[in-house]
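Coordinate inspection notes
Chain residues, written in single-letter form:
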Amino acid sequence: MPDLTDEECARTEFGAYSEEQFLDDMGRVTDYRTDPDLCEILVRRSYDTLLWMRDCGVRFAPIWGRLSDRVGRKPILIGSLVGDAIFYWIFGHSEGHLYGLFAARILAGIFSSASLAVAQAYAADITPPRLRAMGMGYLGAAFGVGFILGPAIGGLIGHFAGISWPLYFASILCVGNLLYIARYIPEPPHAESTAMAR
């Protein structure tokens, strides 16, 4: 992580994920249908790409993950879903107001990034090290299914109920997820001990 200081790197556990594991996972996830040359470029040049993006102004500091190390995973997940619910609802109400659309989308994007980062940290906390790559693969697959089904469901809702309703529906889903996490998802042991130690 090129945006972290040496002290932050020493405090942060990213786990090990070798090029060989990455290549194996790419093959397994695609049922070995991936183009070998393109896959090798993706895997072997990923760090160079990360550095290039950093030089272009994109930052990769895991701010939400670090904050969840301090206060716990569950509060950050709940807070991010509260923000998502509010800003998707505002986005739905901003039809015809360009500045409202931009502001709501930017803020929803910030809160959505918290959901992803902390979900990954949560998965790392509850997954044994030898199964961590597989756990992250499942989490990535779940997000991928959402990226595929979300626009289809949103398109149907927008077609039958109006252009703002997919955003209202996303806001309602955020509230449902929030209530489920608050009621049924425990704070993972690693995050509890980290939060209490600070």
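About the thresholds
- Residues numbered from 1 in each chain as written.
- Predicted model: local features only at pLDDT ≥ 70, side-chain atom pairs only at ≥ 80, totals over all residues.
- Heavy atoms only, no water.
- Axes fitted to C-alpha atoms, helices over the stretch in contact; angles between N-to-C directions.
- Helix = DSSP H or I, 4+ residues; strand = E, 2+ residues; numbered from the N terminus.
- Left-handed = near helix turned anticlockwise from the far one by under 90°.
- Contact = heavy atoms within 4.5 Å.
- Nonpolar A, V, L, I, M, F, W, Y, C, P; charged D, E, K, R; others polar.
- Phe/Tyr/Trp six-rings, centres within 6.5 Å; stacked < 30°, edge-to-face > 60°.
- Buried < 20%, exposed > 50% of the residue type's maximum accessible area, 1.4 Å probe, protein only.
- Salt bridge = Lys/Arg side-chain N within 4 Å of Asp/Glu carboxyl O.
- Polar contact = N/O pair within 3.5 Å; in protein donor to acceptor, adjacent residues only side chain to side chain.
- Core = buried A, V, L, I, M, F, W, Y, C linked by side-chain atoms within 4.5 Å.
- Expected span 1.5 Å × (residues − 1).

**Here we look at the packing of helix α7 (residues 98-126) against helix α8 (residues 132-161)**
- Two numbers describe how α7 lies on α8: the axes approach to 9 Å, and their chain directions differ by 145 degrees. Relative to α8, the crossing made by α7 is right-handed. Here α7 contributes L116, A119, Q120, A123 and A124 to the contact with α8, which in turn contributes R132, M136, L139 and F143.
- Residues of the contact of α7 with α8, tallied by class, amount to 7 nonpolar, 1 polar and 1 charged.

**Side note on the packing of aromatic side chains**
- Under the defined criterion, the tally for this structure stands at 3 aromatic pairs.
- Relative to Y168, the ring of W165 lies with its centre 5.0 Å away and its plane at 85 degrees, an arrangement referred to as edge-to-face. Of the two residues, W165 and Y168 both sit in helix α9 (residues 165-184), 3 residues apart, roughly one turn of that helix.
- With relative accessibility at 41%, the residue W165 sits in the partly exposed group.
- On the basis of relative accessible area, Y168 is assigned to the buried category, the value being 10%.
- Taken together, a centroid distance of 5.1 Å and an interplanar angle of 40 degrees make the contact between Y180 and Y184 tilted. Residue Y180 and its partner Y184 are both found in helix α9; the two are separated by 4 residues, about one turn of the helix.
- A relative accessible area of 48% means that Y180 is categorised as partly exposed.
- Aromatic rings pair up to connect W89, W165 and Y168 into one cluster.

**Here's the deal with the pattern of salt bridges**
- In total, this model carries 6 salt bridges according to the counting rule given.
- Where D31 meets R33, a salt bridge forms, and the shortest distance between an N and an O atom there is 3.7 Å.
- Judged by relative accessible area, R33 falls into the exposed class, the value being 68%.
- Three or more residues joined by partner-sharing salt bridges are found here, namely E19, E40 and R44.

**Things to note about the side chain of S80**
- With respect to the helices and strands, S80 occurs in helix α6 (residues 73-93).
- Looking at S80, the relative accessible area reads 2%, which means it is buried.
- Among the polar contacts made by the side chain of S80, one reaches the main-chain carbonyl oxygen of L77 at a distance of 2.9 Å.
- Not counting residues up to four positions away in its chain, the partners in contact with S80 are F111, A114 and S115.

**What to know about the environment of G176**
- As for its placement among the helices and strands, G176 is situated in helix α9.
- Remark: the alpha-carbon pair of G176 and A85, spanning 91 residues in sequence, is separated by 9.7 Å.

**As for the environment of Y32**
- Within the fold, Y32 resides in the loop between α2 (19-29) and α3 (36-44).
- Residues contacting Y32, with those up to four places away along its chain left out, are D24 and G27.

**Some remarks on the nonpolar core**
- With 14 residues, the main nonpolar core has L81, Y88 and C174 as its most contacted residues.
- Among the secondary structure elements, those contributing two or more residues to this core are α6, α7 and α9.
- Ranked by residue count, the leading element in this core is α6, at 7 residues.

**Thoughts on α7**
- In this model α7 runs 42 Å from its N-terminal to its C-terminal C-alpha over 29 residues, within 8% of the 42 Å that 1.5 Å per residue would give.
- Regarding α7, the residues found buried are A104, A108, A114, S115, V118, A119, A121, Y122, A123, A124 and D125.

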